[in-house]
Amino acid sequence: MRCFVLIVFLVMAVFSSCTATPTSTAAPVDHAAWDKLLKKHVNDKGFVNYTAFKKDYAELKKYLDMLSASAPNDKWSKDEQLAYWINAYNAFTIQLILDNYPGITSIKDIGSKIKIPFVNTPWDVKFITIGGKKMDLNNIEHGIIRKKFDEPRIHFALVCAAKSCPPLRNEAFVAERLDKQLDEQGRDFINDKTKNNVTKNKADLSKILSWYGGDFTKTMPIIDWVNKYSTVKADKKASVTHMDYDWDLNGK
């Protein structure tokens, strides 16, 4: 187990140190095209109609091409930059699914048949180009978002196309409402009993709150994060367990 944990941290360190953040001279991006696609193909529970979404692949590709040519720069506000990277991560995840759909039942079906943890996963496929740099989803999440932005709530917003992931929001993240949107994502995620089940004496939580626990506990204990959003408040000394993770595709 120690070796496994060591591998995880070593790989995370590689993502953080080797990913140079792309940049461009572009003005902040308008995410209206992504917003329109999300409203059309994602319901209010975060489930995706991948069959219908695939028919709009050309429109998705236009949006992704705009993102590829319009990497953030220091003239953008912090919220403009973070909204860009969250939307980019989620939109490129949808592209990855559509490129392999309907022949998959899980994002984990994508990639090499010989699975080496943290090496040849779907999140390591270099299918993304931003600012002229070839990237994968891990580069965006670990090398840019987690490295540059001290914001644990991104784990309520980034999606992996699985049922146990946070719901894919059916609107784009935008700078002017980003704080409110992230809090709403937290409430929706924590209060979904298929992902987190909170009582006074026990909190049976998503493994996301274990995998990325360190990001959260920089500011306050996990139970405090749960109680910030949960309609049912757990006691400070409540027992904490973690649910099995359902990697089945979040299709409808």
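Predicted, not measured: the structure shown is a model, and the values here were computed from it.

Parameters at a glance
- Each chain has its residues counted from 1, following the order in which its sequence is written.
- Only residues with pLDDT of at least 70 get local features here, since the model is predicted, and only at 80 or more are side-chain atom pairs given and counted; chain-wide, interface and lining totals rely on the full set of residues.
- With hydrogens and water excluded, all non-hydrogen atoms of the structure serve as input to the side-chain values.
- Each helix is a run of DSSP H or I of at least 4 residues and each strand a run of E of at least 2, with the numbering of both proceeding from the N terminus.
- Relative accessible area decides the class of each residue, using a 1.4 Å probe on protein chains only: under 20% of the type maximum gives buried, over 50% gives exposed, and in between gives partly exposed.
- Only heavy atoms matter for contacts: two residues are in contact if any of them lie within 4.5 Å across the pair.
- Computed by Shrake-Rupley with a 1.4 Å probe, the accessible areas treat only the displayed protein chains as cover when residues are assessed.
- A pair of strands counts as paired when DSSP detects no fewer than two bridges linking them.
- Salt bridge, as used here: a side-chain nitrogen of Lys or Arg that lies within 4 Å of a carboxyl oxygen of Asp or Glu.
- The arc in question is the one traced by the directions running from the helix axis out to the C-beta atoms.
- By definition, disulfides here are pairs of cysteine sulfur atoms that lie within 2.5 Å.
- A residue's pLDDT is the predictor's confidence in that residue, given on a scale from 0 to 100.
- For Phe, Tyr and Trp, where Trp contributes only its six-membered ring, two rings pair if their centres lie within 6.5 Å, and the inter-plane angle classes them as stacked under 30 degrees, edge-to-face over 60, or tilted in between.

1. Examining the overall build of the chain
Then, in step 1: Secondary structure summary: the chain contains 10 helices and 5 strands in total.
Then, in step 2: A burial count over the chain gives 51% of its 252 residues as buried.
Then, in step 3: The contacts in the chain between residues at least 6 apart in sequence include a share of 71% that link residues at least 24 apart.
Then, in step 4: For the chain, the exposed surface amounts to about 12400 Å²; the carbon and sulfur share of it is 56%.

2. So, the sheet that holds strand β5 (residues 239–242)
Then, in step 1: Read from one edge of the open sheet, 3 strands run β3-β4-β5, paired in mixed fashion. The sheet is open, and its two edges are formed by β3 (197–198) and β5, each paired on a single side.

3. As for the pattern of salt bridges
Then, in step 1: In the structure shown here, the tally under the stated rule is 15 salt bridges.
Then, in step 2: Of the charged contacts, one joins K62 and E59 as a salt bridge, the two residues approaching to 3.4 Å between their closest N and O atoms. Taken together, the residues span about one helical turn, with K62 and E59 both in helix α4 (residues 57–69) at a distance of 3 residues.
Then, in step 3: Residue E59 is classed as partly exposed on the basis of its relative accessible area of 38%.
Then, in step 4: Residue R146 is joined to D215 by a salt bridge in which the shortest nitrogen-to-oxygen separation is 2.8 Å. Here D215 lies in helix α9 (residues 213–217) and R146 lies in helix α6 (residues 137–148), a separation of 69 residues in the sequence.
Then, in step 5: Within this structure, R169, E171, R177, K180 and E184 form a network of salt bridges that share partners.

4. Focus on helix α2 (residues 32–41)
Then, in step 1: The set of residues buried in α2 consists of W34, D35, L37, L38 and H41. Projected down its long axis, α2 shows its buried positions confined to an angular sector of 165°, all on one face. The exposed set on the far side of α2, more than 90 degrees from its buried face, consists of K36 and K40.
Then, in step 2: Turning to α2, the residues buried within the fold contact α3 (50–55), α4 and α5 (78–100).

5. Re the state of the cysteines
Then, in step 1: Under the counting rule described, the total for this entry stands at 1 disulfide.
Then, in step 2: Between the sulfur of C160 and that of C165 lies a disulfide, 1.8 Å long from S to S.

6. Comments concerning the confidence of the model for the chain
Detail in the predicted coordinates should be disregarded across regions flagged by low pLDDT.
Then, in step 1: Looking at the chain as a whole, its pLDDT mean stands at 91, while 89% of the residues score no less than 70.
Then, in step 2: Low confidence marks residues 1–17, where pLDDT is under 50. Its contacts with residues over four positions away, or in another chain, come to 15 contacts.

7. Examining the packing of aromatic side chains
Then, in step 1: Here the structure, examined in full by the defined rule, presents 14 aromatic pairs.
Then, in step 2: Ring centres of Y50 and Y101 lie 5.6 Å apart, and the angle between their planes is 40°; this geometry places the pair in the tilted category. Residue Y50 is found in helix α3, and its partner Y101 is found in the loop between α5 and β1 (128–130); the two are separated by 51 residues along the sequence. Pair check on accessibility: Y50 and Y101 agree, each one buried.
Then, in step 3: Here the aromatic rings of W76 and Y84 are separated by 5.7 Å at their centres, their planes lie at 75°, and the arrangement is edge-to-face.

8. Some remarks on the environment of K75
Then, in step 1: As for its position among the elements, K75 is in the loop between α4 and α5.
Then, in step 2: Sequence separation of K75 and T25 is 50 residues, and the distance between their C-alpha atoms is 8.8 Å.

9. Side note on the environment of T105
Then, in step 1: Within the fold, T105 resides in the loop between α5 and β1.
Then, in step 2: A C-alpha to C-alpha distance of 5.9 Å links T105 and D248, two positions 143 residues apart in sequence.
Then, in step 3: Those residues in contact with T105 that lie beyond four places of it in its chain are W247, D248 and L249.

10. Thoughts on the pairing of strand β4 (residues 202–205)
Then, in step 1: Residues A203 and L205 line the buried face of β4, whereas the alternating positions K202 and D204 sit on a face that is not buried.
Then, in step 2: Once β3 ends, the chain turns through 3 residues before running back antiparallel as β4.
Then, in step 3: Bridging between β4 and β5 involves 4 bridges; their strand directions are parallel. Each bridged residue has a counterpart across the sheet, and for K202 the counterpart in β5 is S239.

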